[in-house]
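Each chain is listed here by its residues.
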Amino acid sequence: MRIKQAQEANKNIWEEAYIKQTSFLRYPGDWIARFHNMYLKEHQPSGRVLDFGCGSANNSIFFIRSGYDVYGVDITDSVHELISLNLEFYGLDPSYHERFQDIPLDWTKLPYEDNFFDIIISNQVLYYLSSEAEIKRVCKELSRCLKPGGIVFFTTMGPKNYYMAEHTKEIHGGKVHEVRFDDPNHRLYPLRELIYLVEDEDELKSLFSEFECITTGYFDQSMFDVRNFFRRKTEKE
């Protein structure tokens, strides 16, 4: 599958999900909160943040409430209603919405000056870019917008990731995988998306060689599909 087709497919999938509000995230990812509490509080407790691929702005709002000056971009314009709902839910000034912009699928330059941001986060986004060259192109542009010594936090998917291990149905040549959620009881049903798989830590560092690596880590989301952490005892037990 061609890169542009893969990216268009992912965009259409998420446009529909946001319109139907089947992927309306209200609270920040716990790994985002941990990144802030365990690292940023000490090294970068304030400043400008770019949420690249902000979605419903759940992570952006976490940073706003933590005292940062936050901006966001996304290629899906259907997120704006969800952003407004989240701002209202948290009692934030509706004018914050002006900080969130649409960018076209074929964008080449972000609407920010050089060295504008202190922090850039891109949570569960970059693996939708569908090629090593495209990820590196985006990283180069993000680097342009980042101040010298600025901090980035990116997430990707690897072969041990729960979604890849349990829900990959087809491989479209190279490193692009189609992930399908066919179980009607699954929280992401009937989502299908195309993912660029990062094989190992060496490839991870190569992809993001535009930046100096501080640390890498691994987080598996399989716990989010557990319906009950305990089961009821039977009479025999």
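About the criteria used
Residues numbered from 1 in each chain as written. Predicted model: local features only at pLDDT ≥ 70, side-chain atom pairs only at ≥ 80, totals over all residues. Heavy atoms only, no water. Pairing = 2+ DSSP bridges. Helix = DSSP H or I, 4+ residues; strand = E, 2+ residues; numbered from the N terminus. Axes fitted to C-alpha atoms, helices over the stretch in contact; angles between N-to-C directions. Phe/Tyr/Trp six-rings, centres within 6.5 Å; stacked < 30°, edge-to-face > 60°. Lys NZ or Arg CZ within 6 Å of the ring centre and 35° of its normal. Parallel < 35°, antiparallel > 145°, perpendicular 65-115°, else oblique. Left-handed = near helix turned anticlockwise from the far one by under 90°. Contact = heavy atoms within 4.5 Å. Nonpolar A, V, L, I, M, F, W, Y, C, P; charged D, E, K, R; others polar. Core = buried A, V, L, I, M, F, W, Y, C linked by side-chain atoms within 4.5 Å. Buried < 20%, exposed > 50% of the residue type's maximum accessible area, 1.4 Å probe, protein only.

Peer 1: What should I look at first to understand the sheet that holds strand S2 (residues 69–74) in this one?
Peer 2: In a beta sheet, neighbouring strands are held together by backbone hydrogen bonds and run either parallel or antiparallel to one another. What the 5 strands build is an open sheet, ordered S3-S2-S1-S4-S5; its pairing is parallel. Since the sheet does not close on itself, it has two edges, and those belong to strand S3 (100–102) and strand S5 (146–154), each with one partner. Pairs of neighbouring strands in the sheet enclose a mean axial angle of 20°, with direction left out of account. Across 5 bridges, strand S4 (residues 117–122) lies against S5 in parallel orientation. By the bridge assignment, phenylalanine 117 is partnered in S5 with leucine 146.

Peer 1: What's the story with the packing of aromatic side chains in this structure? I'm lost.
Peer 2: Each aromatic ring pair is characterised by the separation of its centres together with the angle its planes make. For the structure shown, the criterion picks out 16 aromatic pairs. Consider the rings of tyrosine 71 and tyrosine 112, whose centres lie 5.9 Å apart with planes at 80°: the pair is edge-to-face. Of this pair, tyrosine 71 sits in strand S2 while tyrosine 112 is found in the loop between S3 and S4, placing the two residues 41 residues apart along the sequence. Seen from their ring centres, phenylalanine 89 and tyrosine 90 are 5.0 Å apart, and the 85° between their planes marks the pair as edge-to-face. Chaining the aromatic ring pairs together yields one cluster made of Tyr71, Tyr112, Phe116 and Phe117. For the cation-ring pair, arginine 26 lies above phenylalanine 89, with the distance from its terminal atom to the ring centre recorded as 4.0 Å.

Peer 1: Looking at this model, I keep getting lost on the packing of helix H2 (residues 30–43) against helix H3 (residues 58–65). Mind explaining?
Peer 2: The axes of two packed helices give the description: the angle between them and the distance between them. Viewed as axis vectors pointing N to C, H2 and H3 meet at an angle of 30°, and their least axial separation amounts to 10 Å. What the angle tells us is that H2 and H3 run roughly parallel. The handedness of the crossing between H2 and H3 comes out as right-handed. From H2, Ile32, Ala33, His36 and Leu40 reach across to H3, where they touch Asn59, Phe62 and Phe63. Here the contact of H2 with H3 is built from residues that sort into 5 nonpolar, 2 polar and no charged.

Peer 1: I tried to follow the nonpolar core on my own but got confused; where do I start?
Peer 2: Note on soluble globular proteins: their nonpolar side chains tend to be buried together. In this structure, Trp14, Leu40, Phe63, Tyr68, Ile83, Tyr163 and Ile195 are the most contacted members of the largest nonpolar core, which totals 41 residues. Elements that contribute at least two residues to this core include exactly helix H1 (3–20), H2, H3, helix H4 (80–89), S4, S5 and helix H6 (162–167). The dominant element in this core, judged by the number of residues it contributes, is H2, at 5 residues. The contact partners of leucine 40, leaving out residues within four places of it in the chain, are Phe35, Pro45, Phe63, Tyr68, Ile119 and Ile151.

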